[in-house]
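Here is what each chain is made of, one letter per residue.
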Amino acid sequence: MTSKRTLLSAMALAVALTAGMTATLDSTASAGTTLKASAAEKGRYFGAAVATGKLSDSQYVGILNREFNSVVAENEMKWDATEPQQGRFSYTGGDRLVSHARANGMSVRGHALLWHAQQPGWAQSLSGSALRNAAINHVTQVASHFRGQIHSWDVVNEAFADGGGGGRRDSNLQRTGNDWIEAAFRAARAADPGAKLCYNDYNTDGVNAKSTGVYNMVRDFKARGVPIDCVGFQSHLGTSLPGDYQANLQRFADLGVDVQITELDVMKGANQANIYAAVTRSCLAVSRCNGITVWGVRDSDSWRGTDDALLFDRSGNKKPAYTAVLNALNEGGNPPSTPPPGLPVDTSAWYLLVNRNSGKALDVYNLATNDGARISQWTRNGGANQQWQFVDSGGGYYRLKSRHSGKVLDVYNFSTSDAAAIVQWSDGNGTNQQFRLAESAGGYVRVINRNSGKAVEVQGASTSDGANVVQYTDWGGNNQQWQLIRIG
Ligand code: G3I
């Protein structure tokens, strides 16, 4: 006990000593001025499709590194590129992109393990079990090669037909049997258990026959335990956006998968900026929308020729569409509380806890990893020290585990007093480490300690970075209310 008290005084001293560090952290935050910083503030990534041949173009790389924190290979991870001859694999382009991403703090989407297009000639001439075996071997080999490096894989791309039928597209892969998609997902999971596994398609941007066909497949996969984690909506858009774009994303999220905007580009014209903004707002409004990828950097990099469909013009200047996306990211309201109060939380997910009064996130102060380190609020930056996992203690109580430190929220020294410090401590599943969620209006929750019955609050209703988080008698103030934002 004594040593804990001593530690607390030492902590107070450490807080005073690190005041300079606080200023440093503050000044390095570039929130609101780039796509990646603004998206990160909302718990999202912002990515671009990259042609690795352009990584030697300094203007291209300058924009890529400044604005984006996720990349996907426009062509280099496709079947024709990675297995040009059967059983002979080539990873030069993909490896180059992964190493650029690692060097610059970017995550990588993998695109695409199986697709009816861009197959190498040898695969196009196969059928039946020979093709099925070759396809599954391809999934296994490529996903194994990139194991641990891919945030999300497009395991299967564009397998549904356009038009009103809602059925599968005819292809050589489809003719190997309707179960080819689930076989691919199972092989991908076995090869890279850490990657999210996505189904990806186009013309699925509203509620229509094709998207409903995909929806039914995902629902069936979830019911039967086929490993699928996400659905990609390519969003190659014309001069209008379906009015139910957001509702369509939400209905997939409600099946228990993440959703991602994977290949966004929009036809030039008077609506371009508005459509970009509306897509961005839709992703922010759906808590399981992980992020947005645009299909290229400058208009001159786009597969769409003269459509000028991207965020930067041919000289690398920001377009009105860029500003519209940035503003939407900065202005975007927080998504509704996840889960809805009263429902169990997802113990496999990571959440931000954002205070209703300050808009700031629950944060392990100064990236500490030690027992007793204080918990504060800080401007949202998407850091691991702002991410929390709910660990089930039974009876509706949970520990809140920091992604950064692995330690859990703890009412210091089992205090039952008002204003007692909330710290992090090694997980001992003590009742001072267990919390339940109590519902407040508007999708917010109070976080109530099992031992003390008191609520986790921002002390003094402060709105400053670094303000203390303590426990206090539950009176329902805005500084005691938190929004749970699922970010992964
Ligand atoms: O690199 C060769 C070049 O050496 C050759 O001379 C030239 C002759 O046409 O072709 C070049 O390869 C082209 C490649 O892009 C790189 O530019 C291919 O022909 C061309 O088919 C390929 O197009 C890509 C297309 O997918 C087909 O794979 C586009 O760049 C790429 O943007 C596009 O991306 C797809 C997504 O993967 C899936 N969703 C739709 C999206 C747009 O079509």
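Note that the coordinates shown come from a computational prediction; the quantities given were computed from them, not determined experimentally. (Residues numbered from 1 in each chain as written. Predicted model: local features only at pLDDT ≥ 70, side-chain atom pairs only at ≥ 80, totals over all residues.)

## A closer look at the site of the ligand
Neighbouring the ligand are Glu-74, Asn-75, Ala-117, Gln-118, Asn-157, Tyr-202, Gln-234, Glu-263 and Trp-303. Class assignment of the residues belonging to the shell around the ligand gives a composition of three nonpolar, four polar and two charged. (Near = placed C-beta within 6 Å. Nonpolar A, V, L, I, M, F, W, Y, C, P; charged D, E, K, R; others polar.)

## Here we look at the domain arrangement of the protein chain
Annotation of the protein chain at the domain level lists domain 1 (2-27 + 338-486) and domain 2 (32-331). Computed over C-alpha atoms, the centres of domain 1 and domain 2 are 35 Å apart. With seven residues of domain 1 in contact, the opposing surface of domain 2 contributes five residues. Grouping the constituent residues of the side of domain 1 that touches domain 2 by class yields two nonpolar, three polar and two charged. (Domains from an automatic or database assignment. Contact = placed C-beta atoms within 7 Å.)

## Description of the nonpolar core
One broad trend across soluble globular proteins is that nonpolar side chains are buried collectively. Counting 87 residues, the largest nonpolar core has Leu-113, Val-155, Ala-184, Ala-188, Val-259 and Val-325 as the members making the most contacts within it. In terms of residue count, helix 12 (residues 272-285) provides more of this core than any other element does, seven residues in total. Setting aside residues up to four positions removed in sequence, Val-259 forms contacts with Cys-230, Val-231, Phe-233, Leu-249, Phe-252, Ala-253, Val-286, Arg-288 and Cys-289. Counting 40 residues, the second largest nonpolar core, distinct from the first, contains Tyr-351, Leu-409, Ile-422 and Val-447. (Core = buried A, V, L, I, M, F, W, Y, C linked by C-beta atoms within 7 Å. Buried ≥ 20, exposed ≤ 12 C-beta atoms within 10 Å, placed from the backbone. Helix = DSSP H or I, 4+ residues; strand = E, 2+ residues; numbered from the N terminus.)

## What to know about helix 13 (residues 320-331)
Taking 1.5 Å per residue as the helical rise, helix 13 with its 12 residues ought to reach 16 Å, and the 16 Å between its terminal C-alpha atoms agrees with that figure. Here helix 13 has its buried residues at Ala-321, Ala-324, Val-325, Leu-326, Ala-328 and Leu-329. Packed against the buried residues of helix 13 are helix 3 (35-41), strand 8 (258-266) and helix 12. (Expected span 1.5 Å × (residues − 1).)

## Regarding the confidence of the model for the protein chain
The predicted model of the protein chain has a mean per-residue pLDDT of 90, with 91% of residues at 70 or higher. Long-range and interchain partners of residues 1-31, a stretch whose pLDDT sits below 50, account for 23 contacts in this model, where long-range means more than four residues apart. (pLDDT = per-residue confidence, 0-100.)

## Overview of helix 8 (residues 128-145)
Between the first and last C-alpha of helix 8 there are 26 Å, a value that for 18 residues agrees with the 26 Å anticipated at 1.5 Å per step. Considered for burial, the residues of helix 8 that qualify are Arg-132, Ala-135, His-138, Val-139, Val-142 and Ala-143. Taken around the axis of helix 8, the buried residues stretch over an arc of 125°, which confines them to a single face. Exposed side of helix 8, more than 90 degrees from the buried face: Ser-129 and Asn-133 are the residues found there. (Arc of directions from axis to C-beta.)

## A word on unusual backbone geometry
Between His-111 and the following residue, Ala-112, the backbone shows a cis peptide bond with an omega angle of -10°. Note on placement: Ala-112 falls in strand 3 (residues 107-115). In this structure, Gln-118 is a non-glycine residue whose phi angle is positive, near 55°. Along the chain, the position of Gln-118 falls in the loop between strand 3 and helix 7 (121-124). Positive phi, normally seen in glycine, also occurs at Leu-367, with a value near 55°. Mapped onto the elements of the fold, Leu-367 is located in the loop between strand 11 (361-364) and strand 12 (375-378).

## A look at the environment of Gly-110
Tracing the backbone shows Gly-110 in strand 3. Counting along the chain gives 257 residues from Gly-110 to Leu-367, while the straight-line C-alpha distance between them is 30 Å. When near neighbours in sequence (up to four residues on either side) are disregarded, Gly-110 contacts Met-77, Phe-146, Ile-150, Ser-152, Trp-153, Asp-154 and Ala-195.

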